[in-house]
Amino acid sequence: MTRKPAQIVVLGGGFGGLYAAMTLQRELAGSGAAQVTLVDRRNYFTFTPFLPEVAAGTLGRAHVTYPFRFLAQKGRFHFIQGVVRTFDLAERVIRTDTTTIPYDHLIVSLGGAPSFFGNPHIEAHALTLNSVDKALAIRNHIIHLFEHAVVESDPLRRRQLLTFVVAGAGPCGVEVAAELHHLIRTALLKYYSVDPSEIRILVVCKGDRILPHFAREMAETGQQTLVKRGIEVKLCTQVTGASGEHVEFNHQEIIPTRTLIWAAGVTPNPVLAQLPAPKSRQGGIVVDEFLKLSEFPEVYVIGDGASVLDRRNGRPYPALAPVAIRQGIRAAGNILNTLQGRVREPFRFDFTGNIVGLGCGMALVNLLGLKFHGRLGWWFYRMAYLQRLVSFRNKASLALTLALNAIFDRDISCDTWPEADRSMQCERGIRPLSPIQGHRSSPDPLSDCPRCGARAAGAL
Ligand SMILES: Cc1cc2nc3c(=O)[nH]c(=O)nc-3n(C[C@H](O)[C@H](O)[C@H](O)COP(=O)(O)OP(=O)(O)OC[C@H]3O[C@@H](n4cnc5c(N)ncnc54)[C@H](O)[C@@H]3O)c2cc1C
């Protein structure tokens, strides 16, 4: 009698889930021992490290996304597009918005969501960068503000339009600020007649230094580079409030601005709260060293949604792509071990270094203790990420676009104001930034969003 193939379901096709699914399918190819199904709310993989460059218009959607069906068609795995709603671990089924999926082994890699630390005003007005749609919406927003600034006669209002606040000075915040500066200096100032002295880019962070995961001297080099370009770095500063017209620092300083880009915190995906497992203080699902739940050994949780302790130093692994990738490969390996009657292996990860882009052809690199920056760092940064892209299509189009960007100006066309506004508001169901002078976005009678009454441009 032939045995039914084991059903292995991977929830989330981000860094953790995609590498888990690809590892499983590669190892199981042709064996008939198991069927691998990947489930994601989007039908494409997103290469998040390049989202700051999408927000700055250097790269576009096609460079940072890759359809799962291209991989599925190559026999890698089955793909189902759906939003995971509930887990029934006792019955071993997952329910999405469209279907119910049974499993024998489950890998949950549903990532994280921005954390606003419980501040509804910040949540309502901050722009986030955790998807390609949101990155494109930031790009549109910035270009629109320049379109408005050139016709704005009130100098205070113009200054408000041209002030950009980035909250968070980890790699994402630093890269966004640097890329934003690059966009403004190399493209926008060329085509918009605004006085450069009216433009302000501020990076604010709660701690006493930027890039806390980097060696202190490298972080200082990074900070000096930003400051030299005119980017203001505000340390020991917390964003405590926001509206469509201003951002508040430390409950006392008010900065008139229409742009707050939020790169200050990540929290595990809220749907994970349903899992019957202990949670860390930040809400991460606590798993054992094999990455599984102790009560449900067939369920693995990995990536930004998991809390995995590095037993060597007692600290949790950080929410980073290389950690998620290695966890995906380890969880897949442990399922294969179980199927083949071997014991599971614990997860271990040693960092080989870290890297952050500083825009303008510069980056900071720390590789196996070797620290360098500047142009060399930039080439290394580009090469490191280029080889991480999942497909040759992405690699080729990225290399081509970077070459073209060196010759031609980047695209500064953008959607009309209400469309851009809606794309930002609808996933959160909140009102858009208040309109400037006559660009009022009226409620749409055919709208989807129950709270604000607008339809998302490109929202799922
Ligand atoms: C702008 C930005 C820049 C970053 N830059 C870097 C960097 O330079 N270096 C670095 O190491 N890390 C970086 N990171 C962090 C890195 O992206 C994460 O650590 C990594 O993606 C975590 O992998 P994951 O598999 O846990 O989650 P993700 O990669 O986020 O994948 C989660 C997947 O789950 C899907 N999903 C979510 N909810 C549902 C649901 N309910 N139903 C179905 N599917 C769902 C999502 O669509 C997504 O595909 C960056 C993150 C961001 C947002």
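For clarity, every value in this text was computed on a predicted model and none was experimentally measured.

Regarding its fold elements, the protein chain presents 13 helices and 26 strands. Within the span of the protein chain, comprising 460 residues, buried residues form 44% of the whole.

Across the sheet, which stays open at both edges, the 3 strands sit in the order β14-β15-β16 with antiparallel pairing between neighbours. The sheet terminates laterally at β14 (239–242) and β16 (253–256), the two strands that pair on one side only. With direction set aside, neighbouring strand axes in the sheet form an average angle of 25°.

Further remarks concern the nonpolar core. With 69 residues, the main nonpolar core has V166, A167, A177, V203 and I261 as its most contacted residues. Elements with a contribution of two residues or more to this core: α2 (51–55), α6 (132–149), β11 (163–167), α8 (171–191), β12 (200–204), β14, β17 (259–262) and β25 (363–367). In this structure A177 touches V166, I201, V203, L226 and I231, once residues within four positions along its chain are discounted. Among the nonpolar cores identified, the runner-up in size contains 49 residues, and V9, A20, F79 and V301 belong to it.

Read from one edge to the other, the open sheet built from 3 strands follows the order β24-β25-β26, with strand pairing classed as antiparallel. Here the strands that pair on one side only, and so sit at the sheet edges, are β24 (353–357) and β26 (370–373). Shown here is a sheet whose adjacent strand axes are inclined to one another by a mean of 10°, direction ignored. Here 4 bridges tie β25 to β26, and the two strands are oriented antiparallel to one another. When the bridges of β26 are listed, L367 appears paired with L370.

Here we take up the pairing of strand β6 (residues 84–88). Two strands pair when backbone bridges link them, and β6 and strand β7 (residues 93–96) are joined in this way by 4 bridges, in the antiparallel orientation. Bridge pairing in β7 places F87 opposite I94. Adjacent in sequence and paired antiparallel, β6 and β7 are bridged by 4 residues, among which R92 carries a positive phi angle near 55°.

Further remarks concern the site of the ligand. Around the ligand lies a shell of 32 residues, among which G12, G14, G16, G111 and G303 are the nearest. Listed by contribution, the elements that provide at least two residues to the shell around the ligand are α1 (15–28), β2 (34–40), α8 and α10 (321–339). By residue class, the composition of the shell around the ligand is 16 nonpolar, 12 polar and 4 charged. Each of domain 1 (6–41 + 82–114 + 267–339) and domain 2 (120–264 + 355–425) contributes no fewer than three residues to the shell around the ligand.

With that settled, consider the packing of α1 against α10. Two elements in contact, α1 and α10, have axes whose closest approach is 7 Å; the angle formed by their N-to-C orientations is 35°. Of the two elements, α1 crosses α10, and the hand of that crossing is right-handed. Between α1 and α10, the contacting residues are F15, G16, G17, Y19, A20, T23, L24 and E27 on the first element and A321, A324, I325, Q327, G328, I329, A331, A332, G333, I335 and L336 on the second. Residue classes in the contact of α1 with α10 are distributed as 12 nonpolar, 6 polar and 1 charged.

For α1, with 14 residues, the first-to-last C-alpha span of 20 Å sits near the 20 Å given by 1.5 Å per residue. Burial within α1 is extensive, with 12 of its 14 residues counted as buried. Every buried residue of α1 is accounted for by F15, G16, G17, L18, Y19, A20, A21, M22, T23, L24, Q25 and L28. The inward-facing, buried residues of α1 contact β1 (6–11), β2, β3 (44–46), β9 (105–108) and α10. Trailing α1 by a residue or two, G30 shows a phi angle of about 75°, which is positive.

Phi at N250 takes a positive value of approximately 50°, unusual for a residue other than glycine. The backbone phi angle of C360 is positive, close to 50°, even though this residue is not glycine. Checked against the element boundaries, C360 lands in the loop between β24 and β25. Owing to 16 C-beta atoms within 10 Å, C360 belongs among the partly exposed residues under this scheme.

Relative to the assigned elements, S294 resides in the loop between β19 (285–286) and β20 (299–301). Taking the C-alpha atoms as reference points, S294 and P278, 16 residues apart in sequence, are found 9.7 Å from one another.

With 18 residues, α6 extends 26 Å from end C-alpha to end C-alpha; this agrees with the ideal 26 Å at 1.5 Å per step. Counting buried residues along α6, 16 of its 18 residues qualify, which places the element largely inside the surrounding structure.

To continue, consider the confidence of the model for the protein chain. Taken as a whole, the protein chain shows an average pLDDT of 87; of its residues, 89% reach a score of 70 or greater. In the model, residues 422–460 has pLDDT below 50 throughout and makes 68 contacts with residues more than four positions away in sequence or in other chains.

In this section: the environment of R281. Looking at where R281 falls in the secondary structure, it is placed in the loop between β18 (266–268) and β19. For R281, a count of 7 C-beta atoms within 10 Å corresponds to the exposed category. Between the alpha carbons of R281 and S307 there is a distance of 9.6 Å; along the sequence they are 26 residues apart.

To continue, consider the environment of N130. Take N130: it is sitting in the loop between α5 (120–125) and α6. N130 sits in the partly exposed class, given 19 other C-beta atoms within 10 Å. Residues N130 and A113, spaced 17 residues apart in sequence, show a C-alpha to C-alpha distance of 7.5 Å.

Pairing of β1 with β2 involves 6 bridges; the strand directions are parallel. Its bridge partner lying in β2, I8 is registered against V36. As paired elements, β2 and strand β5 (residues 78–81) share 4 bridges and run parallel to each other. Following the sheet pairing, D40 is matched in β5 by Q81.

Rules used in this analysis
Residues numbered from 1 in each chain as written. Predicted model: local features only at pLDDT ≥ 70, side-chain atom pairs only at ≥ 80, totals over all residues. Helix = DSSP H or I, 4+ residues; strand = E, 2+ residues; numbered from the N terminus. Buried ≥ 20, exposed ≤ 12 C-beta atoms within 10 Å, placed from the backbone. Pairing = 2+ DSSP bridges. Axes fitted to C-alpha atoms, helices over the stretch in contact; angles between N-to-C directions. Core = buried A, V, L, I, M, F, W, Y, C linked by C-beta atoms within 7 Å. Contact = placed C-beta atoms within 7 Å. Near = placed C-beta within 6 Å. Nonpolar A, V, L, I, M, F, W, Y, C, P; charged D, E, K, R; others polar. Domains from an automatic or database assignment. Left-handed = near helix turned anticlockwise from the far one by under 90°. Expected span 1.5 Å × (residues − 1). pLDDT = per-residue confidence, 0-100.

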